[in-house]
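Below, each chain spelled out in residue letters.
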Amino acid sequence: MTGRITGTGSWVPEQVLDNEALSNIVDTSNQWIRERTGVERRHIAEQETTAEMAAKAGKRALEQAKVDPAKVELILVATISGNEILPCTACRVQEMLGAVQATCFDLNSACTGFLFALNTAQAYLKSGIYRNALVIGAESLSNLINWKDRGTCILFGDGAGAAFLEAEESGRYAQITHSDGEKGKALTCSSRNQKQYAEHPDAPETYMEMDGREVFKFAVSSVPQVIQELLEKEKIPKEEIRFYILHQANIRIIQSVSKRLGEAEEKFPVNIQEYGNTSGASIPILLDELNRKGCLQPGDKLVLAAFGAGLSYGASLLEWK
Ligand code: UT7
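These lines cover the structure that appears in this document, whether it is placed above or below. For clarity, every value in this text was computed on a predicted model and none was experimentally measured. (Residues numbered from 1 in each chain as written. Predicted model: local features only at pLDDT ≥ 70, side-chain atom pairs only at ≥ 80, totals over all residues. Heavy atoms only, no water.)

### Comments concerning unusual backbone geometry
- Of note, the bond from Leu86 into Pro87 is cis; its omega dihedral lies within 30 degrees of zero at -10°.
- Structurally, the position occupied by Pro87 is in the loop between strand 4 (74–78) and helix 4 (89–97).
- For the peptide bond that leads from Gly310 to Leu311, omega is -10°, which places it in the cis range.
- Positionally, Leu311 belongs in the loop between strand 12 (301–308) and strand 13 (312–319).
- At Ala110, a residue that is not glycine, the phi angle is positive and equals roughly 45°.
- Of the residues examined, Ala110 reaches a relative accessible area of 7% and is grouped as buried.
- The phi angle at Lys235 is positive, at roughly 55°, despite the residue not being glycine.
- The topology assignment puts Lys235 in the loop between helix 7 (212–234) and strand 11 (241–246).
- The class for Lys235 is exposed, based on a relative accessible area of 73%. (Helix = DSSP H or I, 4+ residues; strand = E, 2+ residues; numbered from the N terminus. Buried < 20%, exposed > 50% of the residue type's maximum accessible area, 1.4 Å probe, protein only.)

Structure follows, in structure tokens:
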């Protein structure tokens, strides 16, 4: 059994913060951000919660798949920015969608989260435990960012993307993933839920902290490496790949991966200019845009690849139907 994607959806907040406006609140410039990252604007969830965005993206995926929410068996939400610790974001989504039968849980693997959630859903479908799954990546990173730190705040944005999978006998899905906890310090965000029992510290506000250069170096070597590993394992020549749908972290990382693989930039669709880096939401938002624009044809082989906090990275191969 393989999970076939029968519907995709996405949702981003209306509120837009462009580079010019951002340069009024932190010492940066439109030119620097565009040239060094490719980001032109990002959407900010001022009113919406992560769960609300996730549910809206999920609803669109179910509508496209023409599936009654009450028939959904599994909901996975990849997120690092749920607004509550309990209940999980996936249970909030269940409630909002009326997906009464679904088993629901969240998965935290930052920017590789959607890929890891997709792999998890595929494993459940392959084993026959569930027959369908709604996989969502949703983030309100604007809540975790230090808006005084120009090394991070210029990069990130908010939004959600979703894919609905249905099990079928035929179909193709393959994945390779890696985690490297020794490099974890390069991208961190301490919990705001600090020790309360033995000590009563005035817990400082904590924010996402990143050694951008380290993460950059990691990405430009690990992503092409894991894609090559996947293609070799699956015995697929790179010429057969229609699109490489990469985590939208930085346009220069995407260009470097294309160069290192020796593949044309046209095979690497981008939307980072509009949304910035939306972590676990970036791949499903891009997938949904390509799908809705009619860019994906039956039989197309797609590689999805991501990297992020952990550090972790991975690539998946799927055949569009
Ligand atoms: O989703 C996964 C997580 N994250 C990533 O994928 C991030 C990967 N890393 C990156 O995308 C890049 O490292 C950044 C965009 C974060 C930073 O770009 P960079 O080209 O690596 O900049 P840098 O940190 O090496 O800084 C270069 C210069 C420095 O000035 P000097 O020392 O050369 O005079 C910085 O102070 O640019 C300066 N700078 C800025 N200037 C204007 C750093 N940030 C900014 C800024 N605006 N926002």
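There's more to say after this.
### Quick look at the sheet that holds strand 6 (residues 132–140)
- Taking strand neighbours across the sheet as the criterion, the five strands line up as 1-7-6-4-5 in an open arrangement whose pairing is mixed. The open sheet terminates on both sides in strands that have one partner only, identified here as strand 1 (2–11) and strand 5 (103–107). Between one strand and the next, the sheet's axes are offset by a mean angle of 20°, whatever the strand orientation.
- Relative to strand 7 (residues 158–168), strand 1 is paired through nine bridges, and the arrangement is antiparallel. Residue Ile5 lies in a different strand from strand 7, and its bridge partner there is Leu165.
- In this fold helix 3 (residues 50–65) packs onto strand 1, strand 6 and strand 7, with an angle of close to 125° to the strand it touches most, strand 1. (Pairing = 2+ DSSP bridges. Axes fitted to C-alpha atoms, helices over the stretch in contact; angles between N-to-C directions. Contact = heavy atoms within 4.5 Å.)

### Digging into the packing of helix 7 against helix 8 (residues 251–261)
- Between helix 7 and helix 8, the least distance of the axes is 9 Å, while the angle of their chain directions is 40°. Relative to helix 8, the element helix 7 is oriented oblique. Crossing of helix 7 over helix 8 shows right-handed handedness. Seen from helix 7, the contacting residues are Phe216, Ala219, Val220, Ser221, Val223, Pro224, Ile227 and Gln228; seen from helix 8, they are Arg252, Ile253, Ser256, Val257, Arg260 and Leu261. (Parallel < 35°, antiparallel > 145°, perpendicular 65-115°, else oblique. Left-handed = near helix turned anticlockwise from the far one by under 90°.)

### Looking at the site of the ligand
- Around the ligand, 23 residues are found, and the nearest of them are Thr28, Arg213, His247, Asn250 and Asn277.
- The separation between an oxygen atom of the ligand and a polar side-chain atom of Arg150 is 2.9 Å.
- Here an oxygen atom of the ligand sits 2.8 Å away from a polar atom, N or O, in the side chain of His247.
- Using a 2 Å cut-off from the grid points, one finds that the ligand occupies the second largest pocket.
- Residue assignment for the shell around the ligand shows that the elements contributing at least two residues are helix 2 (30–37), helix 6 (150–153), helix 7 and helix 8.
- Per-element tally for the shell around the ligand: the top contributor is helix 7, with four residues.
- Among the residues forming the shell around the ligand, the class breakdown is 11 nonpolar, seven polar and five charged. (Near = heavy atom within 4 Å. Polar contact = N/O pair within 3.5 Å; in protein donor to acceptor, adjacent residues only side chain to side chain. 1 Å grid on protein atoms, 1.4 Å probe; cavity = no way out; pocket = protein on both sides within 12 Å on 5 of 7 lines; lining within 4 Å. Sits in = over half its atoms within 2 Å of the grid points. Nonpolar A, V, L, I, M, F, W, Y, C, P; charged D, E, K, R; others polar.)

### Considerations on the packing of aromatic side chains
- The tally for this structure, following the rule as stated, stands at three aromatic pairs.
- Over the ring of Trp11 we find Lys56, and its NZ or CZ is 4.2 Å from the ring centre. (Phe/Tyr/Trp six-rings, centres within 6.5 Å; stacked < 30°, edge-to-face > 60°. Lys NZ or Arg CZ within 6 Å of the ring centre and 35° of its normal.)

### Observations concerning empty space enclosed by the protein
- In total, this model carries two cavities of 30 Å³ or more according to the counting rule given.
- At the level of secondary structure, the elements contributing two or more residues to the lining of the largest cavity comprise strand 1 and strand 13.
- For the lining of the largest cavity, the leading source of residues is strand 1, giving four residues.
- Split by residue class, the lining of the largest cavity holds four nonpolar, five polar and five charged.
- Taken as a whole, the second largest cavity holds about 30 Å³ of empty space. (Points joined across faces, edges and corners; volume = space filled by probe spheres on them.)

### Brief notes about the layout of surface pockets
- Roughly 770 Å³ of volume is contained in the largest pocket.
- Looking at the largest pocket, it is lined by 30 residues, and the ones nearest its centre are Ile80, Ser81, Gly82, Asn108 and Leu144.
- Here the lining of the largest pocket is built from residues that sort into 13 nonpolar, 14 polar and three charged.
- Size it by volume and the second largest pocket reaches roughly 540 Å³.
- Contributing to the lining of the second largest pocket are 27 residues, with Gly151, Met210, Gly212, Arg213 and Asn250 lying nearest its centre.

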